[in-house]
Structure formats: structure tokens, C-alpha cells
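Report on the structure
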Amino acid sequence: MEDHEIVSLFWARREEAIPAAAEKYGQGCTALSLGILGSAEDAEECVSDAYLRAWEAIPPHRPEKLGAFLMKLTRNLSFSRWRQRHAEKRGGGEVALALSELGEIVSGGESAEEAVDRRALTEELEAFLRGIDSRKRALFLRRYWYAHSVKDIAADAGMSPAAVTMTLRRLREQLRSHLTERGYDL
């Protein structure tokens with residue numbers, strides 16, 4: 001079933017929308033959440049919550065890319081769950097490490113002014129990613145979007161963990177330069 005057909009089911013408030021979305025995107029959403037949380041039970045709950053959020057958001061929102069919409073919902077819910085689980089016990093795990101690496105560049109705390117500029121920052125990040133080759137973009141996204149371990153990325157990319165770590169460090173430095181040149185105070 002095509003995305004527009006599934007969105008139309010959501011729009012019409014037809015119960016078949018959720019099983020159709022789950023059939024098409026459930027595996028990817030579950031893998032994303034599992035990579036962040038490391039718990040199949042928590043991942044399943046986050047994916048179910050993502051379908052509920054989609055049900056609540058459509059209508060009035062009509063996403064053009066349902067897969068991206070569901071993945072974003074799943075990712076945000078998974079990171080929220082991860083933060084809740086780790087509120088008292090800081091540190092450890094791939095998610096903490098990936099967030100701390102990227103946190104060196106983009107701070108998580110926002111003032112009202114920073115919240116207004118968030119969209120511009122997102123556009124600059126997208127421009128940066130479009131400007132690097134696909135192999136490096138895949139490494140960057142696997143680490144900082146999907147929160148995969150350096151070891152797993154290295155194995156899949158046919159690289160050593162040290163090479164992946166160095167590539168990611170250089171990409172963070174390039175991103176810092178890219179953003180600084182565009183007026184972002186890092």
C-alpha cells in the first residue's frame with residue numbers, strides 16, 4: 001500500500017491505517033527504537049506510541065512522507081524514554097556517547113531565541129549532509145540519528161573502529177566549521 005493511501009486511511013479515521021503503517025514501516029521503526037533503547041519491550045511500546053501519535057496528528061497534519069514521519073515520532077519517543085530511564089543513572093551506553101559527541105557542537109538547552117533559530121540550524125545541518133559524500137553521510141547518520149555503536153558501523157562499513165571514530169571526529173569538525181562560517185556561536 002502506498003503512503004498516500006495509508007495517510008488517507010488515517011485521515012478517514014479508519015482503523016486499518018495502523019496495521020497498514022505497521023506492515024510497511026514497523027520493522028524499521030522497531031529497529032530504530034531498539035538501537036536507541038536496547039530493550040525489545042521498550043522499543044515495542046515506543047513504536048506503538050508512535051502509531052498513536054500519528055493517529056492523533058493525522059488529521060490535521062498530512063505528512064508527505066509517512067515513513068519519515070513515523071521514524072521521527074519513533075525516534076523522539078525513544079530518546080524521551082531513554083532520558084527517563086537514565087535520569088538518575090547518568091552515563092554509559094551508545095546513546096549517551098553519541099549524544100555527548102554531537103553535543104560538543106549543538107547544545108541541547110534552548111532559549112526562546114534559539115528555539116526560533118532551530119529550523120535554520122536544521123536546514124544548515126541538512127545542507128552540510130548533502131555536501132558530503134554518501135559513505136560519510138551514512139556513517140554520520142548511523143551514529144548520530146540511529147545511535148549505532150562505532151563497532152557495528154565499522155563492521156558493516158568494512159572499516160576498523162579507529163577509522164570510523166576518526167572519520168566521525170573529522171565530520172564533527174567539518175560540521176563545526178560549516179556552522180561557525182554561517183554565524184552559529186558554538
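Residues numbered from 1 in each chain as written. Predicted model: local features only at pLDDT ≥ 70, side-chain atom pairs only at ≥ 80, totals over all residues. Heavy atoms only, no water.

By the definition in use, this model includes ten salt bridges. Through salt bridges that share partners, Asp42, Glu45, Asp49, Arg81 and Arg85 make up one connected network. (Salt bridge = Lys/Arg side-chain N within 4 Å of Asp/Glu carboxyl O.)

Our focus in this paragraph is the nonpolar core. Grouped together as the largest cluster of nonpolar side chains are 28 residues, with contacts concentrated most on Phe10, Ile36, Leu66 and Leu70. Contributing elements (two or more residues each) for this core: α1 (3-11), α2 (17-37), α3 (40-57) and α4 (66-85). When near neighbours in sequence (up to four residues on either side) are disregarded, Phe10 contacts Ala17, Ile18, Ala21, Tyr51, Ala54, Trp55, Ile58 and Pro59. Counting 15 residues, the second largest nonpolar core, distinct from the first, contains Met159, Leu168, Leu171 and Leu179. (Core = buried A, V, L, I, M, F, W, Y, C linked by side-chain atoms within 4.5 Å. Buried < 20%, exposed > 50% of the residue type's maximum accessible area, 1.4 Å probe, protein only. Helix = DSSP H or I, 4+ residues; strand = E, 2+ residues; numbered from the N terminus. Contact = heavy atoms within 4.5 Å.)

Next up on the list: the environment of Phe79. Assignment of secondary structure puts Phe79 in helix α4. When the C-alpha atoms of Phe79 and Ile36 are compared, they prove to be 7.0 Å apart, with 43 residues separating the residues in sequence.

Moving on to α1. Within α1 the residues assigned to the buried category are Asp3, Ile6, Val7, Leu9 and Phe10. The arc that holds the buried residues of α1, viewed along the axis, is 155°, so those residues lie on one side. Downstream of α1 by one or two residues, Arg13 has phi in the positive range, about 65°. (Arc of directions from axis to C-beta.)

Packing of α2 against α4 brings their axes to within 9 Å, and their N-to-C directions diverge by 30°. On the basis of the axis angle, α2 is roughly parallel to α4. When the axes of α2 and α4 are compared, the crossing they make is right-handed. For the pair α2 and α4, the contacting residues are Ala21, Tyr25, Gly28, Cys29, Leu32, Ser33, Ile36 and Leu37 in the first and Leu66, Gly67, Leu70, Met71, Thr74, Arg75, Ser78, Phe79, Arg81, Trp82 and Arg85 in the second. Class assignment of the residues belonging to the contact of α2 with α4 gives a composition of eleven nonpolar, five polar and three charged. (Axes fitted to C-alpha atoms, helices over the stretch in contact; angles between N-to-C directions. Parallel < 35°, antiparallel > 145°, perpendicular 65-115°, else oblique. Left-handed = near helix turned anticlockwise from the far one by under 90°. Nonpolar A, V, L, I, M, F, W, Y, C, P; charged D, E, K, R; others polar.)

The full count for this structure, using the stated rule, is three aromatic pairs. Taking 6.2 Å as the distance between ring centres and 65° as the angle between the ring planes, the aromatic pair formed by Phe128 and Phe140 counts as edge-to-face. Placement of the pair is Phe128 in helix α6 (residues 112-130) and Phe140 in helix α7 (residues 134-144), with a sequence separation of twelve residues. By relative accessible area, Phe140 is classed as buried at 3%. An aromatic cluster is defined as three or more aromatic residues linked by ring pairs; in this entry it consists of Phe128, Phe140 and Tyr144. Against the face of Trp145 rests Arg75, its NZ or CZ located 3.8 Å from the ring centre. (Phe/Tyr/Trp six-rings, centres within 6.5 Å; stacked < 30°, edge-to-face > 60°. Lys NZ or Arg CZ within 6 Å of the ring centre and 35° of its normal.)

Turning to unusual backbone geometry, a few remarks are in order. Pro59 follows Ile58 through a cis peptide bond whose omega is -15°. As for its placement among the helices and strands, Pro59 is situated in the loop between α3 and α4. Residue Pro60 is reached from Pro59 by a cis peptide bond, and omega for that bond is 15°. If you trace the backbone, Pro60 turns up in the loop between α3 and α4. In the Ramachandran plot, Arg13 falls in the positive-phi region, its phi being about 65° despite a non-glycine side chain. Summarising the element assignment, Arg13 is placed in the loop between α1 and α2.

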